[in-house]
Amino acid sequence: MSALRTFTSATKAVRHTAFRFAPATAVGASRAYSSKTQTLKERLAELIPQKKEEVKAFKAEYGSKVLGEVTVDQAYGGMRGIKGLIWEGSVLDAEEGIRFRGLTIPDCQKVLPAAEGGQEPLPESLFWLLVTGEVPTQEQVKSLSAEWAARSDIPEFVEEIIDRCPKTLHPMSQFSLAVNALQHESLFAKEYAKGLNKANYWDPTFEDTMDLIAKLPKVAARIYRNVYKDGKLPEIESDKDYSYNFSKLLGYESNSDFVELMRLYLTIHSDHEGGNVSAHTTHLVGSALSDPYLSFAAGLNGLAGPLHGLANQEVLRWTLKLKDNIGVDASEEEIKKYLWDTLNGGQVVPGYGHAVLRKTDPRYTAQREFALKHLPDDPLFGLVSKLYHIIPGVLTEHGKTKNPWPNVDAHSGVLLQYYGFTEQDYYTVLFGVSRALGVTSQLIWDRALGMPLERPKSYSTAHLKKMFAKN
Ligand code: CMX
C-alpha cells in the first residue's frame, strides 16, 4: 500500500505509478499512513512494536534452523560467506547486487522522490526507506530535509578542533576525529547515564542519528574548505534538500548537475548489507551500547582503509598515473602492460573485485549511466570505459581475484573530477557522509530490537589443531 501511494506533483505521479511492485517487504510495509505529514519518528514508533512481534514469532518458529556451517578456511579467510549477521536495510546478491529494502537501484530511481526538477532519488527518501521499509511521500521527504537543515549546526569546539588540524592530516582522520568530538552531543549517552529503560533505547538513538546525519555536511565541508580552500563556509538554506546544501557548503551548488550527482552519490553509497567493514564495525561497536557518534566514527576508520572506501581515492590516482604514463588515448596493448606492471608489483587494481559481488556492481552501472548522460565526451570517462573493457580480462588471466568486475569505487572519481572536484584525498569523506545513512538506520533497529552485545567465538591455531589432528 505505502509503496503505491500517489505523489502530489504530476511528475512524481508519473514516476510513481509507472512502477508497480510488491511494496518493500520489511517492517510494516502493508500499513497505510494515518497522515501525510506523519514524521519519520512517529512512523517508526508505530512500526517498532509490530517488528518486535514479528521477530519474536519468527525466532520462536525458526530459531533453531541452521544457516550454514563454518570451515577452517573461512575462519582464516576473513569469514567470507559466514552467515551470522542480521541487517534490515539491505541485502546483497552476488550476481544482482544491492537491494535496499527489496528495491534495486533502478527501482529506487523510479519510485523514490526526487528534488523538484531533478531525476535522481533524494538521500532523504532512501533514509526513510531504510528506516521504515516504506517509500515516503514528497511531503515526508521535504519534512526530513527541513529537519536535517534545522539540526545541522555543529558546536564551536568541534569547529575549533577541525580548524586546528594540520592540512596534512588525511581528511578521513579529521572526519573521524570530528565525529568522535560530536559525541559530546549524544542524547543516548546522557540518557543512559541517567538510567535509561532498555525498551526506550531506540528513542535517543534515533535522535542522535538524526543529529549526526544532519551535522555531517557542515563537518565534512569545513574539512574540505580548510584543506583545499580559504576555510570560509556559506550558510545553508533551510528550504533546500540535504544534497543541495552539502554541495553549497562545498562550493558547487551553482552547477545543478553536480547537485544531482551528489543526490545519486549519497543514495547509492549508503548501505551494502551488514558484513562490509564500515557497516559491520559500526554495528559491532554499537552492540556495546556505544552511542551512534562513537559507533559511526569507528565505522569511518574502517571505511578509510584502501581495500574499502579509500579505494575511490586510489582509483582516480591510479587512473591519472596511467594517463600520465601512457596517455588518455593509450592502446589496449599499452593498457594491458600497465595493468600487468601493477599486478606484478604485488598491488591490487583499485576499484575492481569484491568480497561478495561476482558481477559488475550496479552502483558502478548507475554512475556509468550518469556519465553517459552528463559527460559522454569527457576524455577521462572515455579512458574509464576503455578500462572497463580491458581490466576484467586481465584480472581473469591473472587468475587470483574471484570477481574481475568493477565495484562502486571504480567510477565515482571520474564523475567528480569532471565537475572540477579533483581533490582525491577527500573522496572517501563523501562516501562516509553517505554511509552514515545505512549504518545508523540499522543502529536504530539494533536498539529497537534489543540486539545483544556481539561476541563471536575465536580459536587459536593450536586449539584448532587439537580439535582436528588425528591421534
Ligand atoms: N587486483 C588485484 N588482485 C586482486 C584484486 C584486484 N582488484 N581483487 C582481488 N585480488 C586478489 C586478492 O588480493 C587475493 O589475493 P591473495 O590470494 O594474494 O590474497 C585474491 O585476489 C583473492 O581475493 P578475492 O577473494 O577475489 O577478494 P577478497 O574478498 O579477498 O577482497 C577486495 C575483496 C575488494 C578487498 C579486493 O577485490 C580488492 O582488493 N580490490 C581492490 C580494492 C578495492 O577496489 N576495494 C573497494 C571495494 C569496494 C568497497 O568496499 O568500497
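Preceding block: the structure.
Residues numbered from 1 in each chain as written. Predicted model: local features only at pLDDT ≥ 70, side-chain atom pairs only at ≥ 80, totals over all residues. Heavy atoms only, no water.

Visitor: Which residues make up the overall build of the protein, and what are the values?
Guide: Across its full length, the protein carries 21 helices and two strands. In terms of overall size, the protein behaves like a compact globule, its C-alpha atoms giving a radius of gyration of 22 Å where 471 residues would be expected to give roughly 23 Å. Counting only contacts in the protein whose residues sit at least 6 apart along the sequence, the fraction spanning at least 24 positions is 75%. If you sum the accessible surface of the protein, you get close to 21100 Å²; carbon and sulfur atoms cover 54% of it. Positive and negative side-chain charges in the protein, numbering 54 and 57 respectively, have mean positions lying 5 Å apart. (Helix = DSSP H or I, 4+ residues; strand = E, 2+ residues; numbered from the N terminus. Rg over C-alpha atoms; globule rule 2.2 N^0.38 Å. Contact = heavy atoms within 4.5 Å. Areas by Shrake-Rupley, 256 points an atom, 1.4 Å probe, with all protein chains shown as cover. Lys, Arg positive; Asp, Glu negative; His and termini not counted. Charge placed at Lys NZ, Arg CZ, Asp CG, Glu CD.)

Visitor: Before we move on, can you summarise the packing of aromatic side chains with the specific residues and values?
Guide: Under the defined criterion, the tally for this structure stands at 19 aromatic pairs. Seen from their ring centres, phenylalanine 258 and tyrosine 419 are 5.9 Å apart, and the 80 degrees between their planes marks the pair as edge-to-face. One end of the pair, phenylalanine 258, is in helix 12 (residues 256–268); the other, tyrosine 419, is in the loop between helix 19 (409–418) and helix 20 (427–448), and 161 residues separate them in sequence. Its relative accessible area of 0% is what places phenylalanine 258 among the buried residues. (Phe/Tyr/Trp six-rings, centres within 6.5 Å; stacked < 30°, edge-to-face > 60°. Buried < 20%, exposed > 50% of the residue type's maximum accessible area, 1.4 Å probe, protein only.)

Visitor: Lay out the site of the ligand in plain terms, naming residues and giving numbers.
Guide: Lining the immediate surroundings of the ligand are 21 residues, of which His308, Gly351, Tyr352, Lys402 and Asp409 lie closest. Within the contact set of the ligand, a nitrogen atom lies 2.9 Å away from a backbone nitrogen or oxygen of leucine 307. At 2.7 Å, a backbone N or O of lysine 402 approaches an oxygen atom of the ligand. Starting from 890 Å² of accessible surface for the ligand in isolation, the protein chains cover 76%. (Near = heavy atom within 4 Å. Polar contact = N/O pair within 3.5 Å; in protein donor to acceptor, adjacent residues only side chain to side chain.)

Visitor: Any details on unusual backbone geometry? Residues and values, ideally.
Guide: With the exception of glycine, the majority of residues adopt a negative phi angle, and the majority of peptide bonds are in the trans configuration. Phi is positive for glutamate 273, which is not a glycine, with a value near 50 degrees. Its place among the elements puts glutamate 273 in the loop between helix 12 and helix 13 (277–286). Taking relative accessible area as the criterion, glutamate 273 reaches 22% and is therefore assigned partly exposed. The backbone of leucine 289 sits at a positive phi, close to 65 degrees, despite the residue not being glycine. Of the residues examined, leucine 289 reaches a relative accessible area of 24% and is grouped as partly exposed.

Visitor: Go over the pattern of salt bridges, please, and point to the residues and values.
Guide: Under the defined criterion, the tally for this structure stands at 27 salt bridges. Put simply, glutamate 159 and arginine 222 hold a salt bridge, and the shortest N to O gap is 3.9 Å. Of this pair, glutamate 159 sits in helix 7 (residues 156–164) while arginine 222 is found in helix 10 (residues 202–228), placing the two residues 63 residues apart along the sequence. The class for arginine 222 is buried, based on a relative accessible area of 15%. The salt bridge involving arginine 317 is made with glutamate 314; its shortest N-O contact spans 3.7 Å. Placement of both arginine 317 and glutamate 314 in helix 15 (residues 311–326) is noted, with a separation of three residues, approximately one turn of the helix. (Salt bridge = Lys/Arg side-chain N within 4 Å of Asp/Glu carboxyl O.)

Visitor: Quick rundown of the packing of helix 7 against helix 10? Include the residues and the values.
Guide: In the contact formed by helix 7 and helix 10, the axes pass within 9 Å of each other and the chain directions differ by 30 degrees. Our classification of the angle between helix 7 and helix 10 gives roughly parallel. As helix 7 runs across helix 10, the sense of the crossing is right-handed. Contact residues: Glu159, Ile162 and Asp163 in helix 7; Val219, Arg222, Ile223 and Asn226 in helix 10. (Axes fitted to C-alpha atoms, helices over the stretch in contact; angles between N-to-C directions. Parallel < 35°, antiparallel > 145°, perpendicular 65-115°, else oblique. Left-handed = near helix turned anticlockwise from the far one by under 90°.)

Visitor: Before we move on, can you summarise the pairing of strand 1 (residues 90–93) with the specific residues and values?
Guide: The side-chain alternation of strand 1 yields one buried face, formed by Ser90 and Leu92, and one unburied face, formed by Val91 and Asp93. Sheet analysis places strand 1 next to strand 2 (residues 97–100), joined by four bridges and oriented antiparallel. Its bridge partner being in strand 2, leucine 92 is matched across the sheet by isoleucine 98. Between strand 1 and strand 2, which pair antiparallel one after the other, the connecting turn spans three residues. (Pairing = 2+ DSSP bridges.)

Visitor: Tell me about the packing of helix 11 (residues 242–250) against helix 12, and name the residues and values.
Guide: In the contact formed by helix 11 and helix 12, the axes pass within 9 Å of each other and the chain directions differ by 120 degrees. In terms of their interaxial angle, helix 11 and helix 12 are classed as oblique. Note that helix 11 runs across helix 12; the crossing there is right-handed. Each of Tyr242, Ser243, Tyr244, Phe246, Ser247 and Leu250 in helix 11 lies in contact with helix 12, whose residues at this interface are Phe258, Val259, Met262, Arg263 and Leu266. Of the residues in the contact of helix 11 with helix 12, the class split is eight nonpolar, two polar and one charged. (Nonpolar A, V, L, I, M, F, W, Y, C, P; charged D, E, K, R; others polar.)

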